[in-house]
Amino acid sequence: MTSPSLQPPPQLRHSQLTDVVLWLLRQRRRFRIVGASMLPLLEPGTEVLIDPFAYRRQRPQPGDLVVAYHPRQPGLRLIKWVVYVDEDGCFLQGLNAAESTDSREFGRVPWVNIVGRVGCRFP
Amino acid sequence: MLNQAIAKLQAWFPAEAVHAHCDGPCGVYDPSSARVAAEAVLSMTKKLVDLETPASGDKAAAVAYHNTFARYTAIKEEQAQIAKDELLVLWTDYFKPVHLEQFPDLHDTFWKAAKLCSACKVEVSVQHATELMEAVQKIHGIFWTTKNRDVSWYTAS
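Predicted, not measured: the structure shown is a model, and the values here were computed from it. (Residues numbered from 1 in each chain as written. Chains lettered and ligands numbered in written order. Predicted model: local features only at pLDDT ≥ 70, side-chain atom pairs only at ≥ 80, totals over all residues.)

Can you explain helix α3 (residues 59–94) of chain B? Please cite residues and give values.
Residue and element names in this part refer to chain B. Taking 1.5 Å of rise per residue, 36 residues should cover 52 Å, and α3 covers 51 Å from first to last C-alpha, within 8% of that figure. Burial in α3 covers these residues: Y72, K76, Q79, A80, A83, K84, E86, L87, L90 and Y94. Of the surrounding secondary structure, the elements contacted by the buried residues of α3 are α2 (32–50), α5 (106–122) and α6 (126–146). (Helix = DSSP H or I, 4+ residues; strand = E, 2+ residues; numbered from the N terminus. Expected span 1.5 Å × (residues − 1). Buried ≥ 20, exposed ≤ 12 C-beta atoms within 10 Å, placed from the backbone. Contact = placed C-beta atoms within 7 Å.)

How would you sum up the interface of chain A and chain B? Please name residues and give values.
Across the boundary between the two partners, chain A contributes 27 residues, which contact 20 residues of chain B. Among the secondary structure elements, those contributing two or more residues to the side of chain A that touches chain B are α1 (17–24), β1 (29–34) and β4 (77–86) of chain A. A per-element tally of the side of chain A that touches chain B places β1 of chain A first, with five residues. Within the side of chain A that touches chain B, the residues separate by chemical class into 15 nonpolar, six polar and six charged. As defined by bridge partners, β1 of chain A adjoins strand β1 (residues 16–19) of chain B across four bridges and the pair is classed as parallel. What sits directly across from V34 of chain A, in β1 of chain B, is H19 of chain B. (Nonpolar A, V, L, I, M, F, W, Y, C, P; charged D, E, K, R; others polar. Pairing = 2+ DSSP bridges.)

By themselves these figures say nothing about function.
Structure below.
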């Protein structure tokens, strides 16, 4: 198990030209945030770009922002931050702990459920 | 220029949704529903205690007395159950482990409050109904502290 990240990511940069080009080349995926569990960093309606290939060669790192499928509700995509990882998957948590349903309730999220790493806002 | 082009792309091609997810209907929890029910329990309990027994031999007064007594008791029973249900929803759905770190006596507070709801059903006890109101007031304080909001306690009656 990696040592847990005690601090969630404090900020998320805006996209640069490179990010936009990568998105146009379909190397990034774009998502719009629904819900309040990532406040104060990400407000509902904010768009982000994720790298779906980021974890092909390495595992998520504590402190990463990720998009993952909910382990119990098929098709429901979540955005959370990685607290720690181990053999079974990632322990994910919302930034707004009081208004987030996350690994504290549904346990670790299996590797196959991780969609990608959030790289930046869009734009 | 680039931002304008991006804004157009955003409008033409809406992004897929990703959920900053919460199972509950976020933000709609409020201990005031438990407070209203607990107030009704206290009110009915006081009315039951204050109800004058009719003079013996006055049949109409006896019927009216028993009818009123039964109605007060039914409302007390019903509202105590509502208070209990509302408290249990707050306890199990709203409060999370992070709150328990902040308020280590959270479980004990809710457990005792739920027990008081039961006691108010079983008994006609002004003391226990008053203690239930105090427990709901304590939960009100804890709840709004976790929301970082200063909501003063008030009662309808």
